[in-house]
Amino acid sequence: MKMKIIRLPIIALCFALILFFSGCAFDIIYIDQIPVQYENASIRKSGFELKDEVNVDLNEPLLWVLRDDLKLTGTKFGCGTGECGACSVLIDGEAKRSCRVPVAYVSSGQEIITVEGLGTIENLSPLQKAFIDHTAFCCGYCTPGMLASALEYVEGGGGAIACSDAAFGSSILNLTMPGRGINMGDGWETKRRREPGNEWVIIALGHPGILKSIELDTAHYKGNYPDRASIQATYVTGGTRDSIVTQSMFWRELLPEQKLEMDAIHCYESELKDLGPITHVRVNIIPDGGLSRVRLLGSIVRE
Ligand code: FES
């Protein structure tokens with residue numbers, strides 16, 4: 001009799017826990033079944049047959065439509081509450097927690113990118129390769145969500161937008177490419193400067209942020225690396241590309257002039273001045289030369 005008294009509360013507690021956790025994990029409200037047209041939406045390079053329409057509840061989270069209806073199981077379920085980010089996908093370039101996005105939200109021609117749209121096992125995307133090269137994950141379960149968030153920043157409009165000169169077939173767009181440059185052509189190089197002054201490049205951040213460290217890489221540039229470099233920065237709230245270029249010479253100093261070495265990665269942290277949130281930097285190379293990569297590392301400031 002004593003045993004039964006002890007067991008009953010334990011069984012009741014188990015039932016309560018099961019109900020509680022199943023309620024948390026599947027917090028979906030079903031109303032009515034309405035066909036959602038996907039003819040204008042695209043799942044980029046997914047490799048999956050996209051149905052013209054799927055019959056789902058408009059309130060159903062996108063996560064379950066991706067996983068159950070479209071069989072895009074690369075997107076993972078974690079907390080189900082929008083906290084962990086495991087379920088993140090890109091919707092029109094913005095990383096969204098698909099567990100908290102009702103499918104109706106994306107039924108009007110927006111582009112959804114899941115991890116299946118980034119690359120294949122045989123042909124990984126540069127971002128996936130970078131994750132592997134830098135061991136940027138542990139068990140890998142959440143990695144598809146991390147990739148979506150990282151891609152938002154990589155494709156979020158960040159990159160070099162203007163420079164004083166680019167020679168020898170080089171491009172300022174190489175400066176923010178993944179990995180180290182593979183040769184001198186995989187960077188930004190200027191011709192020898194014959195007049196006073198210095199060469200420069202302006203880089204827009206993907207999002208407003210506070211920089212914690214900067215890397216300047218002169219990989220492969222030996223006889224033609226810049227002697228010195230400095231960086232200015234500002235927070236741009238409007239204006240055209242031309243007005244940004246004109247004003248950039250007056251931006252505040254973020255990194256005072258530093259001596260550079262050939263074919264080396266130069267890291268700066270304590271040398272950076274505290275300018276608060278910024279949106280653009282101007283990298284000055286003095287007087288000229290080549291840079292392979294510029295890494296601007298810090299934290300996003302949400303507006
Ligand atoms: S599953 Fe954790 S945020 Fe969506």
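Rules of the game
Each chain carries its own residue numbering, running from 1 in the written order of its sequence. Since the coordinates come from a predicted model, pLDDT governs what is reported: local features require at least 70, and pairs of side-chain atoms require 80 or more to be given and counted, while whole-chain, interface and lining totals use all residues. For the side-chain quantities, the full set of heavy atoms in the structure was used; hydrogens and water were omitted. A cavity, in this analysis, means grid points on a 1 Å lattice covering only the protein atoms where a 1.4 Å probe fits yet has no way out; a pocket is instead an open set bounded by protein on both sides within 12 Å along at least five of seven lines, and a residue lines either one if it has an atom within 4 Å of a point. Grid points are joined across faces, edges and corners, and a volume is the space filled by probe spheres set on the points. Runs of E in the DSSP output that reach at least two residues are strands. Runs of H or I that reach at least four are helices, and both are numbered from the N terminus. As a working rule, the residues Ala, Val, Leu, Ile, Met, Phe, Trp, Tyr, Cys and Pro are called nonpolar, Asp, Glu, Lys and Arg charged, and the rest polar, with Gly in that last group. Across the chain, each position has a pLDDT score giving the predictor's confidence in that residue, from 0 to 100. Only heavy atoms enter the contact rule, under which two residues are in contact if any of them lie within 4.5 Å. The nonpolar core is taken to be a set of buried Ala, Val, Leu, Ile, Met, Phe, Trp, Tyr and Cys residues, with the residues joined through side-chain atoms within 4.5 Å. With a 1.4 Å probe rolled over the protein chains alone, any residue whose accessible area is under 20% of its type maximum counts as buried; one over 50% counts as exposed, and the rest are partly exposed. One fewer than the residue count of a helix, multiplied by 1.5 Å, yields its expected span.

In this structure, the largest pocket occupies an estimated 1,500 Å³ of space. In terms of lining residues, the largest pocket is bounded by 45 residues, among which L127, V154, T176, R295 and L297 are the most central. Of all the secondary structure elements, the ones that give two or more residues to the lining of the largest pocket are α3 (126-133), α4 (143-154), β7 (159-163), β9 (199-217) and β15 (293-300). It is β9 that provides the largest number of residues to the lining of the largest pocket, a total of 11 residues. In terms of residue class, the lining of the largest pocket is built from 25 nonpolar, 12 polar and eight charged.

Across the protein chain, the average pLDDT comes to 80, with 79% of residues at or above 70. This stretch, residues 1-6, has a pLDDT under 50; its non-local contacts, to residues over four places away or in other chains, come to zero contacts. For residues 14-52, every residue scores under 50 in pLDDT, and the model assigns this stretch 68 contacts once sequence neighbours within four places are set aside.

Moving on, we come to empty space enclosed by the protein. Counting across every chain of the model gives two cavities of 30 Å³ or more. In this model, the second largest cavity occupies a volume close to 50 Å³. If you go around the second largest cavity, the residues you meet are S88, V89, L90, I113, T114, V115, L118, P144, L147, A148 and L151. At the level of secondary structure, the elements contributing two or more residues to the lining of the second largest cavity comprise β4 (88-91) and α4. The greatest single-element share of the lining of the second largest cavity, amounting to four residues, is contributed by α4. Here the residues of the lining of the second largest cavity sort into nine nonpolar, two polar and no charged.

By size, the foremost hydrophobic cluster in this structure holds 25 residues, and its most contacted members are L216, L254, V281 and V283. Elements with a minimum of two residues in this core: β9, β10 (228-234), β11 (252-259) and β13 (278-286). A per-element tally of this core places β9 first, with six residues. Ignoring any residue separated from it by four or fewer positions in sequence, one finds L254 in contact with L211, I214, I231, Q232, A233, E271, L272, K273, L275, I278 and V281.

Here we take up the environment of L272. Structurally, L272 can be placed in the loop between β12 (265-268) and β13. Through-space distance from the C-alpha of L272 to that of I231 is 9.2 Å; in sequence the pair is 41 residues apart. With residues up to four places along the chain from it excluded, the contact list for L272 reads L211, K212, S213, I214, L254 and L255.

In this model α4 runs 16 Å from its N-terminal to its C-terminal C-alpha over 12 residues, within 8% of the 16 Å that 1.5 Å per residue would give. Those residues of α4 that sit buried are T143, P144, G145, L147, A148, A150, L151 and E152. Lining the buried residues of α4 we find β4, β5 (94-97), α3 and β9.

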